Protein chains: 2
Amino acid sequence: MVYRRTENAAQRLADKRARILKAARDLVAEGGWAAAQMDHVADKAGVATGTVYRYWPSKTELCVEIVATVSAREVGIVKAVADRKSPPIEKLSAAIHTFASRALRGRRLAYALIAEPVDPEVEAVRLEYRAQLAHCFDRIVREGIMRGIFPRLDPAVAAACIVGAFMEALIGPLAPAKGTGSRANKHLIEQITQFCLRASVGSPAGKP
Amino acid sequence: MVYRRTENAAQRLADKRARILKAARDLVAEGGWAAAQMDHVADKAGVATGTVYRYWPSKTELCVEIVATVSAREVGIVKAVADRKSPPIEKLSAAIHTFASRALRGRRLAYALIAEPVDPEVEAVRLEYRAQLAHCFDRIVREGIMRGIFPRLDPAVAAACIVGAFMEALIGPLAPAKGTGSRANKHLIEQITQFCLRASVGSPAGKP
DNA sequence: TCAAGATATGAACTGAGGTTCACTACTAAA
DNA sequence: TTTAGTAGTGAACCTCAGTTCATATCTTGA
């Protein structure tokens, strides 16, 4: 046997996989999926093209992993907000606010994950992400209706509208891209939150 | 000179261009941009691949024309609603309703035009379309605010939210695709309209 | 019917990007 | 210091889709 056959072997392999994954993720964050060409990924990771294929079986699987890891994190955060014991209105506000500020920090990546189509296999994971995100809002809306706080709207449609609204306003091509200042971002997030709250509750932040 | 050099010559050319354009548009409507490969377009139009290039200089220009013609029609319709002399609330409701029912009729095409990215040149036209669509809503919201009917929301953000909301709920991948029945569609459109109205006005259809 | 230009054809070309593989360089046990 | 096995390399390969062009076919005025 050669090379150390210790627990480190597996560790080293995982590290390298992660390094390549990070390189690819960074490229997507900079220029979307189009920027994540395999030779660029290799360059960014500081290895040769062929080496990438020692750690990832195909570009598709690499992309799937990017979507899976990043979206698991984001959904987890929003889900945590939805699981709180506070009133639905507060939860809705917090969930939108949380997601929005995080998405704004990495607009390009958020856009790639949410809106930019890719090949079918990656697309499937991406849609799962969107569905989970919508599901978080669906639950909040249901709770609000059950408690008689929200009007009788269709929770599924409302959830889709909420996701669509902040996606478009935040990271969509119509989003006011100029206002990259933190002040402008704050305003943007507040406006979006108000919009969605008013749509769900009938008045912003529960103040009628 | 050969072939009739009458006013018909130009007409025949225009007809053929249009026939190819329609073939391409139909393909996009069926399977999105990916389905609009040049040889498929040629097949659909009943000509050879090379013939397509006698009438269209490149795939890009063909796609640009698809986006331009279809979106000009849709924006025109929504704009007409926004230009009416009726109260902002009614206009907003009508604009969403109009756009939504039309988009539902051709979901795949609407999705391709609104959400599916393509190559940069086509993208530019596509963004112009979205911007014009948002602009219609921007104007309605502004008018509502000026008249003191709508709360003081940022019209640009609200417009983006409205467009995003109904896009996502109507034709986005999260849209309830199963409910293709006209009853389900009616419900969907109503819910979306209510959502956006409540968000802008504070109560659905102006009934507080 | 014929000539000449217009129109149509589709096989071949081209470039981009994902993938492979014969080869080199390295590591560590013997 | 071998040496067997592992990691790394990058040029070559393959596929796919857009584009071209030499050739064939058609149309109309003479």
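Definitions and limits used
- Residues numbered from 1 in each chain as written.
- Chains lettered and ligands numbered in written order.
- Predicted model: local features only at pLDDT ≥ 70, side-chain atom pairs only at ≥ 80, totals over all residues.
- Helix = DSSP H or I, 4+ residues; strand = E, 2+ residues; numbered from the N terminus.
- Buried ≥ 20, exposed ≤ 12 C-beta atoms within 10 Å, placed from the backbone.
- Contact = placed C-beta atoms within 7 Å.
- Domains from an automatic or database assignment.
- Nonpolar A, V, L, I, M, F, W, Y, C, P; charged D, E, K, R; others polar.
- Expected span 1.5 Å × (residues − 1).
- Least-squares fit on C-alpha atoms with pLDDT ≥ 70 in both.
- Core = buried A, V, L, I, M, F, W, Y, C linked by C-beta atoms within 7 Å.
- pLDDT = per-residue confidence, 0-100.
- Axes fitted to C-alpha atoms, helices over the stretch in contact; angles between N-to-C directions.
- Parallel < 35°, antiparallel > 145°, perpendicular 65-115°, else oblique.
- Left-handed = near helix turned anticlockwise from the far one by under 90°.

1. Observations concerning the overall build of chain A
Of the regular secondary structure elements, chain A holds nine helices and zero strands. By the burial criterion, 42% of the 208 residues in chain A qualify as buried. In chain A, 64% of the contacts between residues at least 6 apart in sequence involve partners at least 24 apart.

2. Re the domain arrangement of chain A
All names here are of chain A. Per the domain assignment, the segments making up chain A are domain 1 (7–56) and domain 2 (59–206). For domain 1 and domain 2, the distance between their C-alpha centres works out to 29 Å. Contact residues are listed per partner, giving 10 residues for domain 1 and 12 residues for domain 2. Along the lines of polarity and charge, the residues of the side of domain 1 that touches domain 2 split into seven nonpolar, one polar and two charged.

3. Here's the deal with the interface of chain B and chain A
Counting from both sides, the interface comprises 35 residues of chain B and, opposite them, 35 residues of chain A. Breaking the side of chain B that touches chain A down by element, the ones donating at least two residues are helix 7 (120–146), helix 8 (155–171) and helix 9 (182–201) of chain B. With 11 residues, the single largest contributor to the side of chain B that touches chain A is helix 8 of chain B. Along the lines of polarity and charge, the residues of the side of chain B that touches chain A split into 24 nonpolar, six polar and five charged.

4. A few points about helix 9 of chain B
Compared with an ideal rise of 1.5 Å per residue, which puts 20 residues at 28 Å, helix 9 of chain B spans 28 Å between its outermost C-alpha atoms and is within 8% of the ideal. Just downstream of helix 9 of chain B lies B:G202, where phi reads positive at about 110°.

5. Digging into helix 4 (residues 59–82) of chain B
Here helix 4 of chain B is 24 residues long and its end C-alpha atoms lie 34 Å apart, about the 34 Å a rise of 1.5 Å per residue gives. Burial in helix 4 of chain B covers these residues: B:L62, B:C63, B:V64, B:I66, B:V67, B:E74, B:V75, B:V78 and B:V81.

6. Describing the relation of the copies chain B and chain A
A rotation about an axis combined with a shift along that same axis relates the two copies of the chain. Superposition record for chain B on chain A: RMSD 0.0 Å, screw rotation 180°, translation along axis 0.0 Å. Within this description, the copies of the chain are treated as partners about a two-fold rotation axis. Among all C-alpha atoms of chain B, that of B:A199 lies closest to the rotation axis, at 1.8 Å. When the interface residues of chain B are mapped onto chain A, 100% of them are again interface residues, pointing to one common binding face.

7. Section: the nonpolar core
By size, the foremost hydrophobic cluster in this structure holds 129 residues, and its most contacted members are A:C161, A:F166, A:I192, B:C161, B:F166 and B:I192. Setting aside its immediate chain neighbours within four residues, A:C161 contacts A:A199, B:A165, B:E168, B:A169, B:I192 and B:F195.

8. Re the environment of A:R147
Residues and elements named next belong to chain A. In this fold, R147 is placed in the loop between helix 7 (120–146) and helix 8 (155–171). Overall, R147 belongs to the exposed group, with 11 C-beta atoms counted inside 10 Å. As for R147 and P87, which are separated by 60 residues in sequence, their C-alpha atoms are 9.5 Å apart.

9. Overview of the confidence of the model for chain A
Of all residues in chain A, 90% have pLDDT values of 70 or greater, and the mean over the chain is 88. Here residues 204–208 of chain A is modelled with pLDDT under 50, and outside its nearest four sequence neighbours on either side it reaches nine contacts, counting other chains as well.

10. A short note on the packing of helix 8 of chain A against helix 9 (residues 182–201) of chain A
Residues and elements named next belong to chain A. Remark: helix 8 packs on helix 9, axes separated minimally by 10 Å, with the N-to-C direction vectors making an angle of 160°. The angle between helix 8 and helix 9 falls in the class roughly antiparallel. For the pair helix 8 and helix 9, the sense of crossing is right-handed. Where helix 8 approaches helix 9, its residues A158, C161, I162, A165, F166, A169 and L170 are matched on the opposing element by L188, I192, F195, C196, A199 and S200.

11. Side note on the environment of A:L188
All names here are of chain A. Looking at where L188 falls in the secondary structure, it is placed in helix 9. L188 sits in the buried class, given 23 other C-beta atoms within 10 Å. Taking the C-alpha atoms as reference points, L188 and A100, 88 residues apart in sequence, are found 9.1 Å from one another.

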